[in-house]
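Read off the chains here:
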Amino acid sequence: MKKVCVVTGGSSGIGLSIVKLFLNNNYHVFNLDRNPSNFGKFCYCDITCHQQVTQIITEIAEHHTIDVLVSNAGIHFSANIENTSEDDLINVFNINVKGAYSAVKAVLPSMKAQKNGAIVIIASDQALVAKHNSFAYNLSKSALASLAKTTALDYAPFNIRANAICPGTIETPLYHQAINNYCEHSGANKDLVHQEEAALQPLNRLGQPEEVAQLALFLASDKATFITGSLQVIDGGYTVQ
Ligand code: NAI
């Protein structure tokens, strides 16, 4: 029987690559996103709406055993603390942190019942190191690292594993949006900024979403049965500098 994977934010970038890779590896995939996609079973969902997330995942669990959750939906926000309004902070936390809380909480009853499950949370290298002008995002990603650790501890007795992936700079629509915003404000040249970004990575290039998807597939699989509570860095060497 096919294993079942729920992915949040699976319509673009890293999430889309995850959906495609899990489909190619014989998973039945549900994609909870606010933007539609043709890959996997699309479920319209605003991750900030706790009741909606709970209802969708509970309905999936009524018909399927949920084996894997990849909590991936997220937004970027560039500003230091002084330029981050209370609303900005709340918005970033509602999507990046509260959305993950809702999704993790909703899959646990199904995973507990079967005494098996793998939760993969897409955090960021910014859970480990701070980056300039990223106050709210840094904070939200650190919180996700903690979500993975505490979930791993509390649910180890149910054979539920929870790990966080900490990607460095990955070439996705979110990345391009962040670069565009920066260039609009600073007047910098986009190609140059892109080259400079690549040069910041010891491997001298940005990561690709497919590379992150491979790590998610591994962590979800039976090849990773002793890995839980970990923060898995995938960043071309950025954070060891
Ligand atoms: P993306 O912008 O390409 O995709 C994000 C997806 O999340 C989109 O499909 C979007 O519709 C969905 N989403 C956003 N807000 C939502 C909401 N309220 N409800 C439902 N869906 C929502 O972004 P990307 O780059 O693929 O990022 C995915 C995750 O990876 C994010 O959590 C991001 O913080 C993280 N990440 C990205 C890095 C990068 O360099 N691209 C680096 C490290 C982490």
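This is a predicted model, so every value here is computed, not measured.

J.: Could you give an account of the packing of aromatic side chains, naming the residues involved and the relevant values?
T.: Any two aromatic rings considered together are summarised by their centre-to-centre distance and by the angle between their planes. Overall, the coordinates contain two aromatic pairs when judged by the stated rule. Between Tyr155 and Phe158 the ring centres are 6.0 Å apart and the planes differ by 35°, which places this aromatic pair in the tilted class. Of note, Lys20 hangs over the ring of Phe39, and the distance from its end group to the ring centre comes to 4.7 Å. When the ring centre of Phe158 is taken as origin, the NZ or CZ atom of Lys112, which lies over that ring, is 5.1 Å away.

J.: Break down the site of the ligand for me, citing the residues and quoting the values.
T.: Around the ligand, the surrounding shell holds 27 residues, and the nearest of these are Ser12, Asp33, Asn72, Tyr137 and Thr172. Separating an oxygen atom of the ligand from a side-chain N or O atom of Ser12 is a distance of 2.6 Å. Residue Asp46 places a side-chain N or O atom 3.0 Å away from a nitrogen atom belonging to the ligand. A total of 830 Å² of accessible area belongs to the ligand in isolation, and the protein chains cover 94% of it. Those elements giving two or more residues to the shell around the ligand turn out to be helix H1 (13-24), helix H4 (135-155) and helix H5 (173-186).

J.: Tell me about the packing of H5 against helix H6 (residues 190-199), and name the residues and values.
T.: A packed helix pair is summarised by two numbers, namely the angle formed by the two axes and the spacing between the axes. Between H5 and H6, whose axes approach to 10 Å, the crossing angle comes to 125°. In terms of their interaxial angle, H5 and H6 are classed as oblique. For the crossing formed where H5 meets H6, the hand is right-handed. Taken together, the residues of H6 that come into contact with H5 (itself represented by Tyr175, His176, Ile179, Asn180, Tyr182 and Cys183) are Lys190, Val193, His194 and Glu197. Class assignment of the residues belonging to the contact of H5 with H6 gives a composition of five nonpolar, three polar and two charged.

J.: How would you explain the packing of H1 against helix H7 (residues 209-220) if you had to name every residue and give the values?
T.: In the contact formed by H1 and H7, the axes pass within 8 Å of each other and the chain directions differ by 55°. Considering the angle they form, H1 stands oblique to H7. Crossing of H1 against H7: the hand is right-handed. Only Pro209, Glu210, Val212, Ala213, Gln214, Ala216, Leu217 and Ala220 of H7 make contact with H1, whose side of the interface consists of Gly13, Ile14, Ser17, Ile18, Leu21 and Phe22. Tallied by class, residues from the contact of H1 with H7 come to ten nonpolar, three polar and one charged.

J.: Describe in detail the state of the cysteines, supporting the description with residues and values.
T.: Taken as a whole, this structure holds zero disulfides when the rule is applied. Cys49 provides the cysteine sulfur closest to Cys45, a residue in no disulfide bond, and the two sulfurs are 7.5 Å apart. What makes Cys45 buried here is its relative accessible area of 2%.

J.: Account for the environment of Val120, naming residues and giving values.
T.: As for its placement among the helices and strands, Val120 is situated in strand E5 (residues 117-122). Separated by 92 residues in the primary sequence, Val120 and His28 have C-alpha atoms spaced 16 Å apart. In this structure Val120 touches Leu69, Val70, Ser71, Asn163, Ile165, Ala216, Leu219 and Ala220, once residues within four positions along its chain are discounted.

Thresholds applied
Residues numbered from 1 in each chain as written. Predicted model: local features only at pLDDT ≥ 70, side-chain atom pairs only at ≥ 80, totals over all residues. Heavy atoms only, no water. Phe/Tyr/Trp six-rings, centres within 6.5 Å; stacked < 30°, edge-to-face > 60°. Lys NZ or Arg CZ within 6 Å of the ring centre and 35° of its normal. Near = heavy atom within 4 Å. Polar contact = N/O pair within 3.5 Å; in protein donor to acceptor, adjacent residues only side chain to side chain. Areas by Shrake-Rupley, 256 points an atom, 1.4 Å probe, with all protein chains shown as cover. Helix = DSSP H or I, 4+ residues; strand = E, 2+ residues; numbered from the N terminus. Axes fitted to C-alpha atoms, helices over the stretch in contact; angles between N-to-C directions. Parallel < 35°, antiparallel > 145°, perpendicular 65-115°, else oblique. Left-handed = near helix turned anticlockwise from the far one by under 90°. Contact = heavy atoms within 4.5 Å. Nonpolar A, V, L, I, M, F, W, Y, C, P; charged D, E, K, R; others polar. Disulfide = S-S within 2.5 Å. Buried < 20%, exposed > 50% of the residue type's maximum accessible area, 1.4 Å probe, protein only.

Read these as layout, nothing more, since geometry by itself doesn't imply function.
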